[in-house]
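Next come the chains, spelled out residue by residue.
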Amino acid sequence: MNLPLAASSGERQSSPRPWVLPSRALTLYYGCPEMPRLSHYFLPRLLFAEKRILYLVGANQISPLLLARFARERGVDPSNVNSLLRVARAFTCFQLTELVRRVPKTLERFSVDVLIVTAIPDLYFDEDVRDREARASFEHALEGLGNLAPLSLSIAVFSDATSFKTKRRDFFQRLHNQAEHVVKVESTPDNKLSFTREKHTPLLPA
């Protein structure tokens, strides 16, 4: 994936600072198959600012080699990265839901500024999971994300849901509706990325 950015066109507004996560809000990023990998590229700025990050990884989609490269490029000791980043992996939708619901308990042991989650609702499209159980688990995950709103976290969800052909596509719309901010990421013909802000909900004064 090349990282130079291309300006978005059309009626929707291009994101002016695409690599900066909105504060105290739930932001949904979607639009291209590389979304899980793309989530890594938000980390350098956060780690350089010494933000503490909880990374909930759906389907084990995280690259330690890429994280190590970011540290080397900035002359940062990898041990410092490890002290700022906590990673929890989920291999099923039920595990991911449980990780989301446990975030408040996790915060009692590890103070966090940013929560990153990948594969919501992608992991809930698993055809080996019955529709009823998948829907119930997804509803609990949405409820868990909603319960984090009073904690003033910056929450970023990275989803490749629009690449799937599934009867559960309404899951993505539910997440889209709940998010305060929605950014669509697309590859341009010249192999760059465009970030288009589809939804922006101004925060109420604290």
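Everything below is about the structure shown above.
It should be emphasised that the depicted structure is a prediction, and the values quoted were computed from it without experimental measurement. (Residues numbered from 1 in each chain as written. Predicted model: local features only at pLDDT ≥ 70, side-chain atom pairs only at ≥ 80, totals over all residues. Heavy atoms only, no water.)

J.: Any chance you could explain the overall build of the protein here in plain terms?
T.: Counting its secondary structure elements, the protein contains eight helices and nine strands. In the protein, buried positions account for 45% of the 206 residues. When the accessible area of the protein is evaluated, it comes to approximately 11000 Å², of which 49% is carbon and sulfur surface. (Helix = DSSP H or I, 4+ residues; strand = E, 2+ residues; numbered from the N terminus. Buried < 20%, exposed > 50% of the residue type's maximum accessible area, 1.4 Å probe, protein only. Areas by Shrake-Rupley, 256 points an atom, 1.4 Å probe, with all protein chains shown as cover.)

J.: Would you explain the nonpolar core in this entry?
T.: Proteins that are soluble and globular tend to have nonpolar side chains buried together. Judged by nonpolar contacts, the single largest core of 37 residues is most densely connected at Leu-56, Leu-115, Ile-120 and Tyr-124. Elements represented by at least two residues in this core include exactly strand 3 (26–30), strand 4 (53–58), strand 5 (85–90), helix 5 (93–101), strand 6 (114–118), helix 7 (131–147), strand 7 (154–159) and helix 8 (170–178). Sorting elements by how many residues they give to this core places helix 7 first, with five residues. Non-local contacts of Ile-120, meaning those with residues more than four positions away in its chain, are made with Leu-96, Val-100, Phe-138, Leu-145, Val-157, Phe-158, Ser-159 and Leu-175. With 30 residues, the next largest nonpolar core counts Leu-38, Tyr-41, Ala-156 and Phe-158 among its residues. (Core = buried A, V, L, I, M, F, W, Y, C linked by side-chain atoms within 4.5 Å. Contact = heavy atoms within 4.5 Å.)

J.: What is the right way to look at the environment of Glu-180 in this model?
T.: Along the chain, the position of Glu-180 falls in the loop between helix 8 and strand 8 (181–187). By relative accessible area, Glu-180 is classed as partly exposed at 24%. In this structure the C-alpha to C-alpha distance between Glu-180 and Arg-24, which are 156 residues apart in sequence, comes to 9.7 Å. Apart from the residues lying within four places of it in its own chain, the contact partners of Glu-180 are Ala-25, Leu-26, Lys-199, His-200 and Thr-201. A polar contact of 2.7 Å, which involves the side chain of Glu-180, links it to the backbone nitrogen of Leu-26. (Polar contact = N/O pair within 3.5 Å; in protein donor to acceptor, adjacent residues only side chain to side chain.)

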